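# Per-entry structural report
Take a look at the letters that make up each chain.
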Amino acid sequence: MAEIDLQKIVSHCKEYGFIFPSSEIYDNLGAVYDYGPFGAELKNHIKEYWWKSMVQMNENIVGIDAAIFMHPTTWKASGHVDSFSDPLIDNKDSKKRYRADVLLEEKIDKLKEKGEKELAKKNLLQDSEEEKAKASRDYAKGVTLENAYKQAAEASDFKRYKELIEEYEIVCEVSGTKNWTDVRQFNLMFNTQLGSVSEESNTIYLRPETAQGIFVNFLNVQKTARMKIPFGIAQIGKAFRNEIVARQFIFRMREFEQMEMQFFVRPGTQKEWFDKWKQTRLKWHLALGTSPEKLRFHVHEKLAHYADAAEDIQFRFPIGFKELEGIHSRTDFDLSEHQKYSGKKLQYFDSELNQNYVPFVIETSIGLDRMFLRILSDALKEETLENGETRTVLNIPPALAPIKVAVLPLVKKDGLPEKAREIIDTLKFVGRTFYEEKDSIGKRYRRMDAIGTPYCITVDHQTLEDNTVTIRERDTMQQDRIAISEIEKIVGSKVDMNNLLRKALAE
RNA sequence: GCGGAAGUAGCUCAGCUGGUAGAGCGACAGCCUUCCAAGCUGUAGGUCGCGGGUUCGAACCUCGUCUUCCGCUCCA
């Protein structure tokens, strides 16, 4: 079987109406993609699988749908305003990238250290800053730079950063040169204006993650749905990040969709819930029939500021093992921060313990678009058949397939099309159906293979006599003769989302 | 953002030392066909990514720009 690379998947998506580059007639909008007719169906089915397994199947999880716009302070509290934007500078010779603020701070320290060594010889270390500066030229330089840097930092004057870097002859440690680019600030959050034009105070952000919509609604949800800890809040929604480098098709996009759930637990129990959700989520992935070797856990070595444990579920994409879903133990960081910034209590009264506390949070967060890519990477195959021919087939899990069943008259005469139409009318409740009478039957089978339709029903002359049809299965290409009255049951049970859910939830 | 490569039909790609575009597959319509991309006939679809320059003349040379891919970097 031929190896499928990302390029093949991109072509297939384009050719068969799964995914198009955004605004293609205007030469694309970078790292933004649109879902076409079959893509939208598949994406919706993935959402359905996730939502049902999380919300419908768990009594203690409820769903919400929070707005993309949020109060600007939200992002101060979450830490995104501060740590989502760094002033960066590149050395043109070594191509190394540095944080401009770090370069300057290091220089300040170096100058001061040098000065202190000098002062130590003169036994002047105990003196005040001013005295030190008077006695040592290096130390004085360090202090001057420090002041200039602080001033520039307060004013967010990045041009000044560069001037200082040049003035103080900071060199790249790799190339040793002073050939720097301008300092640029990359804020990963998109912003826009709310309300009247050009009022600076009304700058708001497009959310860079969906999670905060859940945290700020914690009490609303807990009280109105009368939830008792431990419980979860789930949601599916768009998030936006102005990635510096956004590439690899829909793997990293500027506008993307997350499916995430925040699970609120009693402090101290987070470890056990963390482990539980890891296993639950892995099972959800495995139920789709993916071979276990393509999935693995990956432990974060560097933890984000809010987490006390974090692991990813990685999938082996054609571009290698990459993050698909994150499971994070977020502690009480988010709720505590919002409590601090809003001045409102975000606590839960635990009647068993008879006390109030800020709950701890376990988050499961999966990229919907990544999930989509994972399904396609797993499903797209170029098979070589016994007769030497090849066929392109998408063996998508039937419950997720865009089209569930196609009905095909063997020839388009002798009343076969009419009979086929009659049959297809009875199958509407199974899911999306497809009717096709053009071209040879083999060609039509292959076309259905290419978009992942699990079943084809073929109507022939015998059908008119005894009401039986041929049912052809996508993966095995096997054909059986069955009664028309059986189609709905056979196809229906195979494509039924509930059967997939049963597998995901089975112990 | 840096370096490298590439942009020609829906997809995959030809296109010579400059002379205003082709193939295979696909799509659409019809004919023929009793079960795995068959055959026949016909049709549609491209200002060669975009913009300047050189030239009598540019898909081809040149400059710029955008987009995509690979590497670096980054990644809550």
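Definitions and cut-offs
Residues numbered from 1 in each chain as written. Chains lettered and ligands numbered in written order. Predicted model: local features only at pLDDT ≥ 70, side-chain atom pairs only at ≥ 80, totals over all residues. Heavy atoms only, no water. Helix = DSSP H or I, 4+ residues; strand = E, 2+ residues; numbered from the N terminus. Rg over C-alpha atoms; globule rule 2.2 N^0.38 Å. Buried < 20%, exposed > 50% of the residue type's maximum accessible area, 1.4 Å probe, protein only. Contact = heavy atoms within 4.5 Å. Areas by Shrake-Rupley, 256 points an atom, 1.4 Å probe, with all protein chains shown as cover. Lys, Arg positive; Asp, Glu negative; His and termini not counted. Charge placed at Lys NZ, Arg CZ, Asp CG, Glu CD. Axes fitted to C-alpha atoms, helices over the stretch in contact; angles between N-to-C directions. Parallel < 35°, antiparallel > 145°, perpendicular 65-115°, else oblique. Left-handed = near helix turned anticlockwise from the far one by under 90°. Nonpolar A, V, L, I, M, F, W, Y, C, P; charged D, E, K, R; others polar. Pairing = 2+ DSSP bridges. Core = buried A, V, L, I, M, F, W, Y, C linked by side-chain atoms within 4.5 Å. Phe/Tyr/Trp six-rings, centres within 6.5 Å; stacked < 30°, edge-to-face > 60°. Lys NZ or Arg CZ within 6 Å of the ring centre and 35° of its normal. Polar contact = N/O pair within 3.5 Å; in protein donor to acceptor, adjacent residues only side chain to side chain. Salt bridge = Lys/Arg side-chain N within 4 Å of Asp/Glu carboxyl O.

### Re the overall build of chain A
Scanning chain A from N- to C-terminus turns up 18 helices and 23 strands. For a compact globule of 507 residues, the expected C-alpha radius of gyration is about 23 Å, and chain A comes in at 30 Å, more than 25% above that figure. Along the longest, intermediate and shortest principal axes, the C-alpha atoms of chain A span 110 × 60 × 50 Å. Counting only residues that meet the buried cut, chain A has 49% of its 507 residues in that class. Residue pairs in contact within chain A that sit at least 24 positions apart in sequence constitute 65% of those at least 6 positions apart. When the accessible surface of chain A is totalled, it reaches about 25600 Å², and 48% of it is carbon and sulfur. Here chain A contributes 75 positive and 81 negative side-chain charges, whose respective centroids are spaced 1 Å apart.

### Points about the packing of helix α2 (residues 37-56) against helix α18 (residues 497-505)
One way to put it is that α2 packs onto α18 with a least axis distance of 10 Å and a crossing angle of 50°. Relative to α18, the element α2 is oriented oblique. Where α2 crosses over α18, the handedness of that crossing is right-handed. Between α2, through His45, Glu48, Tyr49, Lys52 and Ser53, and α18, the contact on the second element is made entirely by Met497, Leu500, Leu501, Ala504 and Leu505. Tallied by class, residues from the contact of α2 with α18 come to six nonpolar, two polar and two charged.

### A few points about the sheet that holds strand β10 (residues 255-265)
The seven strands are arranged β3-β9-β10-β16-β13-β12-β11 in an open sheet whose pairing can be described as mixed. Since the sheet does not close on itself, it has two edges, and those belong to β3 (61-63) and β11 (295-299), each with one partner. Along the sheet, successive strands turn relative to each other by an average axial angle of 25°, direction set aside.

### Here's the deal with the pairing of strand β18 (residues 390-394)
As paired elements, strand β17 (residues 380-384) and β18 share five bridges and run antiparallel to each other. Within β18, the residue paired with Glu383 across the bridge is Arg391. Between the end of β17 and the start of β18, which pair antiparallel, lie five residues, with Gly388 showing a positive phi angle near 90°.

### A few points about the nonpolar core
Among the nonpolar cores identified, the biggest contains 66 residues, and Phe18, Leu42, Ile46, Tyr49, Trp50, Phe372 and Leu400 are the most heavily contacted of them. In this view, Tyr49 contacts Trp284, Ala287, Leu288, Leu400, Met497, Leu500, Leu501 and Ala504; residues no more than four positions away in its chain are not counted. Ile64, Ala211, Leu219 and Phe264 belong to the second-largest nonpolar core, a separate cluster that totals 20 residues.

### Re the sheet that holds strand β21 (residues 455-459)
The five strands are arranged β20-β19-β21-β22-β23 in an open sheet whose pairing can be described as mixed. Whereas interior strands pair on both sides, the edge strands pair on one side only; in this sheet they are β20 (433-435) and β23 (479-483). Taken over all neighbouring pairs, the strand axes of this sheet differ in orientation by 25° on average, direction set aside. Two elements, strand β19 (residues 405-409) and β21, share five bridges in a ladder whose sense is parallel. Pairing of Val407 across the sheet is with Ile457, part of β21. Those strands touched by helix α14 (residues 416-425) are β19, β20, β21 and β22 (468-473), and its axis lies near 170° from that of β20. The strands touched by helix α17 (residues 484-495) are β19, β21, β22 and β23; relative to β23, the strand with the most contacts, the crossing angle is about 125°.

### Points about the packing of helix α1 (residues 6-15) against helix α13 (residues 368-379)
Interhelical geometry of α1 versus α13 gives an angle of 105° and a closest axis separation of 11 Å. By the angle between their axes, α1 is roughly perpendicular relative to α13. Here α1 contributes Leu6, Ile9 and Cys13 to the contact with α13, which in turn contributes Leu373, Leu376 and Ser377. Here the contact of α1 with α13 is composed, by residue class, of five nonpolar, one polar and no charged.

### What to know about the packing of aromatic side chains
A complete count under the given rule lists 15 aromatic pairs for this structure. Each ring, one from Phe18 and one from Phe38, has its centre 6.0 Å from the other, and the planes form 45°; the classification is tilted. With Phe18 in the loop between α1 and β1 (19-21) and Phe38 in helix α2, this pair connects stretches of sequence that are 20 residues apart. With relative accessibility at 0%, the residue Phe18 sits in the buried group. The class of Phe38 is buried, set by a relative accessible area of 18%. One residue, Lys276, lies across the ring of Trp277, its end atom 4.3 Å from the ring centre. Stacked on the ring of Phe297, the Lys or Arg Lys278 has its end atom at 4.7 Å from the ring centre.

### Some points on the side chain of Ser136
Mapped onto the elements of the fold, Ser136 is located in the loop between α6 (129-135) and α7 (137-154). We classify Ser136 as buried; its relative accessible area is 0%. At 3.0 Å, the side chain of Ser136 and the backbone nitrogen of Tyr139 are in polar contact. In this structure Ser136 touches Gly115, Glu118 and Leu119, once residues within four positions along its chain are discounted.

### Some remarks on the pattern of salt bridges
Taken as a whole and judged by the stated rule, the model has 29 salt bridges. The salt bridge involving Lys14 is made with Glu24; its shortest N-O contact spans 3.1 Å. Within this pair, whereas Lys14 is found in helix α1, its partner Glu24 is found in the loop between β1 and β2 (33-35), the two being separated by 10 residues in sequence. Put simply, Arg330 and Glu363 hold a salt bridge, and the shortest N to O gap is 2.6 Å. Of the two residues, Arg330 sits in strand β13 (residues 320-331) while Glu363 sits in strand β16 (residues 360-367), which places them 33 residues apart along the sequence. Summarising the burial analysis for this pair, Arg330 and Glu363 share the class buried. Here the salt bridges share partners, and the residues they tie into one network are Glu209, Arg330, Asp334 and Glu363.

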